[in-house]
Amino acid sequence: MIDKIIDAISMKIYELFGEEYHIYKHDVEQGLKKPCFLITVIDYSKEPLLNLRSKNLLPVDVLFFPTNGKVQCYDVSEKLTNELDIIETVSNDKFIGTQMRSEVVDNILHFFVNYNFISVKESEDLDSMETVEVNTTTKE
């Protein structure tokens, strides 16, 4: 599911900015082409809930490397805040972005957003019990 969410973020960024901006989903050691985005998962945690459900917490950092300094970072931050509030995966699952915030460090925009979701673990089909017959009578 994490890859689907990263892909959905990538698709939304592509819709907003087009082909002029490169989008990377994994670390790039060399050959980074600016302007570009780098989508990274900060941390991932899973909390058990009742039955077979669990709450998944997925904080994401979308880094933006500008060509025109901080002003471009602020413009991109505003667009991301308005558009990454709801993302949709290829399989039409929708996720709501929460706790959005951004900061510019060393002329690089860090846009933080959380996508939290409930997942249901598939259960194994267990063999059912044999049939039981019960005869009840009242005692006189």
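Residues numbered from 1 in each chain as written. Predicted model: local features only at pLDDT ≥ 70, side-chain atom pairs only at ≥ 80, totals over all residues. Heavy atoms only, no water.

### Description of the overall build of the protein
Here is the rule: By the criteria applied, helices consist of DSSP H or I runs no shorter than four residues and strands consist of E runs no shorter than two, each listed in order from the N terminus. Here the globule rule reads 2.2 Å times residues to the power 0.38, and the radius of gyration is calculated from C-alpha atoms. Remark: exposure states derive from per-residue accessible area (1.4 Å probe, protein chains only) relative to the maximum for the residue type, with buried under 20%, exposed over 50%, and partly exposed in between. Positive charges come from Lys and Arg alone, negative charges from Asp and Glu alone, with His and the N- and C-terminal ends not counted. The location of each charge is read from NZ of Lys, CZ of Arg, CG of Asp or CD of Glu.
Within the protein, the secondary structure is distributed over two helices and seven strands. Here the C-alpha atoms of the protein give a radius of gyration of 23 Å, more than 25% beyond the 14 Å that 2.2 N^0.38 yields for 140 residues. For the protein, the spread of C-alpha atoms along the three principal axes comes to 95 × 25 × 25 Å. Classification of the 140 residues of the protein by burial places 33% in the buried group. Counting 14 positive and 25 negative side-chain charges, the protein places the averaged centre of each group 4 Å from the other.

### Digging into the nonpolar core
Selection criterion: What is meant by a nonpolar core is a set of buried Ala, Val, Leu, Ile, Met, Phe, Trp, Tyr and Cys residues, joined one to another through side-chain atoms within 4.5 Å. Whether two residues are in contact is decided by their heavy atoms: any pair within 4.5 Å suffices.
If you look at the biggest cluster of nonpolar residues, it comprises 24 residues, and the most contacted ones within it are I9, F37, L80 and Y115. Within the residue set of this core, elements represented by two or more residues are α1 (2–17), β2 (36–41), β4 (53–65), α2 (69–83) and β7 (108–120). Among the elements that make up this core, the one with the highest residue count is α1 (six residues). Those residues in contact with I9 that sit more than four places away from it in its chain are I39, V60, V62, L84, I87 and Y115.

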